[in-house]
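Single-letter residue listing:
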Amino acid sequence: NAGVMQNPRHLVRRRGQEARLRCSPMKGHSHVYWYRQLPEEGLKFMVYLQKENIIDESGMPKERFSAEFPKEGPSILRIQQVVRGDSAAYFCASSPQGGNSYNEQFFGPGTRLTVL
Amino acid sequence: AQSVSQHNHHVILSEAASLELGCNYSYGGTVNLFWYVQYPGQHLQLLLKYFSGDPLVKGIKGFEAEFIKSKFSFNLRKPSVQWSDTAEYFCAVKSSGDKLTFGTGTRLAVRP
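No experiment lies behind these values; they were computed from the predicted model shown.

K.L.:
I'd like a description of the nonpolar core, backed by residues and values.
P.N.:
In this structure, Leu 33, Trp 35, Leu 47, Leu 48, Phe 74, Leu 76 and Tyr 89 of chain B are the most contacted members of the largest nonpolar core, which totals 28 residues. For this core, the elements supplying multiple residues, two or more each, are strand S2 (10–14), strand S3 (19–21), strand S5 (32–38), strand S6 (45–50), strand S8 (64–68), strand S9 (73–78), strand S10 (87–94) and strand S12 (106–111) of chain B. Considering every element that reaches this core, the biggest residue donor is S10 of chain B, with four residues. Ranked by size, the runner-up nonpolar core spans 23 residues in total, among them Leu 21, Val 32, Met 46 and Ile 79 of chain A.

Printed below as a string of C-alpha cells:
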C-alpha cells in the first residue's frame, strides 16, 4: 500500500509566480490535511478537506492561498503571487475517516518551496 | 486556542543514555495526544498515540509516553537510545475537530 505521495518534492519559484503543490492520499483515505512548516517552527495546520469539500480552512491565509480536493485526482494547494515568506515545507496528511475518529494522520514527504 | 510546548529544542546524548522529552499542552477538554518522529530526509512517522485508557502508552522502537492529565503533559521516554534514534521529534494534540496542533519539535542527536 503506497503511502501519501506529494509532488514535487522541491519547488523553486520567483516572487509573483504561482506554486501548485499536489498530494495523493493513501488508498482508501478520503480525508486530506495540509500543514506548513516554517524554518525553526513546528507544523501549523492550514486546511482540512474531504472529496469536493473544504471542512476547515481556519489555518489558511486569507489571500493568495487556496486548496481543493476534487472527486478525481490529487488534492492541490495553490499559492498565487508567491512571496519570500511563503518559503517553507508543506506537508500533506491523509486519514480514512475524520470527525473525531481514532484514526491517525499519515504524512507525506513534504514539498519544500523556495521563493527567490 | 490550544497550544503545545516542547521545552527542549536540541538534545545531545550518548548511546545507551536514557531519554525524556517534555511536552505540555494547553487545553482543558478531552484531547488525543501523539508523538511523531522525522528521521533525516524522511517524512513524519507516528511513534505512539494516546486516546484513552492506560496513560502509559508504548510505541514503536522502544519508545513510551505517559499522559499526566493533572500536569497537561505527555512526555516521551526511552530507556536506552541508539545512534539510529537521531531525528526530530514532534508532540501533537488533537482536540475538537481533526486538526493537529504541533509543538516546535526537539532535535535529538545521539553520539555513537
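K.L.:
Lay out the pattern of salt bridges in plain terms, naming residues and giving numbers.
P.N.:
Residues and elements named next belong to chain B. For the coordinates displayed, the defined rule picks out nine salt bridges over all chains. Linking Lys 58 and Glu 64 is a salt bridge whose minimum nitrogen-to-oxygen distance equals 2.9 Å. Judged by its relative accessible area of 62%, Lys 58 is exposed. Note on Glu 64: relative accessible area 19%, which makes it buried. A salt bridge links Arg 77 to Glu 66; the shortest N-O distance between them is 3.3 Å.

K.L.:
Just give me the short version of the pairing of S12 of chain B, but keep the residues and values in it.
P.N.:
Residues and elements named next belong to chain B. Judged by which residues are buried, S12 turns out to be one-sided: Thr 106, Leu 108 and Val 110 face inward and are buried, whereas Arg 107, Ala 109 and Arg 111, on the alternate face, are not. The sheet contact formed by S10 and S12 spans three bridges and is antiparallel. Within S12, the residue paired with Glu 88 across the bridge is Arg 107.

K.L.:
Explain the state of the cysteines to me, and be specific about the residues and the numbers.
P.N.:
Two cysteines joined by a covalent bond between their sulfur atoms form a disulfide. All names here are of chain A. Tallying each qualifying case throughout the model produces two disulfides over all chains. Here Cys 23 is linked by a disulfide to Cys 92, with a sulfur-sulfur distance of 1.7 Å. Torsion about the S-S bond of the Cys 23 and Cys 92 cystine: about -55 degrees, corresponding to left-handed handedness. Of this pair, Cys 23 sits in strand S3 (residues 19–24) while Cys 92 sits in strand S9 (residues 88–95), and the two are 69 residues apart along the sequence. Given the relative accessible area of 0%, Cys 23 is considered buried.

K.L.:
How would you explain the interface of chain A and chain B if you had to name every residue and give the values?
P.N.:
Contacts between the two partners involve 24 residues from chain A and, on the opposite side, 20 residues from chain B. Summed over both sides, the interface of chain A with chain B buries roughly 1,700 Å², with 50% coming from carbon and sulfur. Counting across the interface, chain A meets chain B through zero salt bridges. Inspection of the region where chain A meets chain B yields three residue pairs in polar contact (both at pLDDT 80 or more). Looking at the side of chain A that touches chain B, the elements that each hand over two or more residues are strand S4 (31–37) and strand S5 (43–50) of chain A. Across the side of chain A that touches chain B, the residue classes tally to nine nonpolar, ten polar and five charged.

K.L.:
Describe unusual backbone geometry, naming the residues involved and giving the relevant values.
P.N.:
Residue and element names in this part refer to chain A. Omega for the bond connecting Asn 7 with Pro 8 falls within 30 degrees of zero, at -5 degrees, which places this linkage in the cis form. On the secondary structure map, Pro 8 appears in the loop between strand S1 (5–7) and strand S2 (10–13). Unusually for a residue other than glycine, Gln 81 sits at a positive phi of about 45 degrees. Secondary-structure assignment places Gln 81 in the loop between strand S8 (75–79) and S9. Judged by its relative accessible area of 54%, Gln 81 is exposed.

K.L.:
With reference to specific residues and values, describe the sheet that holds S8 of chain A.
P.N.:
Residues and elements named next belong to chain A. If you walk across this open sheet you meet the four strands as S1-S3-S8-S7, and the pairing is antiparallel. The open sheet has two free edges, formed respectively by S1 and strand S7 (65–68), since each of these has just one partner strand. Each adjacent strand pair in this sheet contributes to an overall mean axis angle of 15 degrees, direction not counted. Strand direction decides the pairing type here: S7 and S8, joined by four bridges, are antiparallel. Following the sheet pairing, Ser 66 is matched in S8 by Arg 78.

Rules behind the numbers
Residues numbered from 1 in each chain as written. Chains lettered and ligands numbered in written order. Predicted model: local features only at pLDDT ≥ 70, side-chain atom pairs only at ≥ 80, totals over all residues. Heavy atoms only, no water. Core = buried A, V, L, I, M, F, W, Y, C linked by side-chain atoms within 4.5 Å. Buried < 20%, exposed > 50% of the residue type's maximum accessible area, 1.4 Å probe, protein only. Helix = DSSP H or I, 4+ residues; strand = E, 2+ residues; numbered from the N terminus. Salt bridge = Lys/Arg side-chain N within 4 Å of Asp/Glu carboxyl O. Pairing = 2+ DSSP bridges. Disulfide = S-S within 2.5 Å. Contact = heavy atoms within 4.5 Å. Buried area = accessible area lost by both parts, 1.4 Å probe. Polar contact = N/O pair within 3.5 Å; in protein donor to acceptor, adjacent residues only side chain to side chain. Nonpolar A, V, L, I, M, F, W, Y, C, P; charged D, E, K, R; others polar. Axes fitted to C-alpha atoms, helices over the stretch in contact; angles between N-to-C directions.

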